[in-house]
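Survey of secondary and tertiary structure
Each chain is listed here by its residues.
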Amino acid sequence: MSAIISPDVSLEQLKSTTPVRLGVMASGSGSNFEAIAHGIINGELNAKIEVLIYNNPDATVKEKAEKLGIKAVLLNHRDFQSREELDLAIVEVFKNHGVEWVVMAGWMRIITNVLLNAFPRKVINIHPSLLPSFKGINAVEQALEAKVKITGCTVHLVDLAVDSGPVLIQSAVPILEGDTPETLHKRIQVQEHLIMVRAIALLAHLEN
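To keep things clear, this report deals only with the structure shown in the data block. Values in this document were obtained by computation on a predicted structure and should not be read as measured data.

Mapping Asn32 onto the fold places it in helix α1 (residues 31-41). Side-chain polar atoms of Asn32 contact the side chain of Glu192, separated by 3.0 Å. When sequence neighbours within four positions are dropped, the list of residues in contact with Asn32 reads Ala105, Ile126, Glu192, His193 and Met196.

In spatial order, the strands read β1-β8-β7-β6-β5-β2-β3-β4; together these eight strands make up an open sheet with mixed pairing. Whereas interior strands pair on both sides, the edge strands pair on one side only; in this sheet they are β1 (4-6) and β4 (72-74). Between one strand axis and the next, the sheet turns by 20° as a mean value, whatever way the strands run. One ladder, built from three bridges, connects strand β3 (residues 47-54) with β4; its direction is parallel. What sits directly across from Ile53, in β4, is Val73.

In this structure the tally under the stated criterion is one aromatic pair. When the centroid spacing of 6.2 Å and the interplanar angle of 80° are considered together, the rings of Phe94 and Phe119 count as edge-to-face. Taken as a pair, Phe94 in helix α3 (residues 83-96) and Phe119 in the loop between α4 (113-118) and β6 (123-127) lie far apart in primary sequence, 25 residues in all. Over the ring of Phe119 we find Lys95; its NZ or CZ atom is 4.5 Å from the centre of that ring.

Cut-off values and rules
- Residues numbered from 1 in each chain as written.
- Predicted model: local features only at pLDDT ≥ 70, side-chain atom pairs only at ≥ 80, totals over all residues.
- Heavy atoms only, no water.
- Helix = DSSP H or I, 4+ residues; strand = E, 2+ residues; numbered from the N terminus.
- Polar contact = N/O pair within 3.5 Å; in protein donor to acceptor, adjacent residues only side chain to side chain.
- Contact = heavy atoms within 4.5 Å.
- Pairing = 2+ DSSP bridges.
- Axes fitted to C-alpha atoms, helices over the stretch in contact; angles between N-to-C directions.
- Phe/Tyr/Trp six-rings, centres within 6.5 Å; stacked < 30°, edge-to-face > 60°.
- Lys NZ or Arg CZ within 6 Å of the ring centre and 35° of its normal.

Dropping the structure here:
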């Protein structure tokens, strides 16, 4: 059984005339950030990443942004007194760069209404499970411990509850005999890259 994506829309069906201006938030390696950038470069996605914000000084996503010629801004969460104060700084950076849609591509911090109110229904997140199952951290490990036969990944609009909000697109990934967190996560990540690009294309299509 291969992965199943729903809704099963092609990037060709979702071509938009006006590029959507993205602000991306990432905390780690930035593989989804890179997938979005390559989707743009390859002509699959009519968008532009205006700026990347990362919160971990050691995050290797910074190097990926530099290689791609995309501005990267460090906002270390440890330098802020509250989540709201961090989100205010995030909003300021995004507004200064003309960002229209915010993409949480592996952002390992809980956001607040400060960000959501600044970009109402325009913040999306990717999560490595078929939401609403296995919310929060260690979603892949949760799926293995539950002994379910299928898991996957979800791109959704963000609301205040963790890993909640309307689902935009999902990909179902079978769990194989002998899967480890590493092997399963690797297969899920392949699907994350596919549906992240499609989700942004879908949103841009609807905007047009």
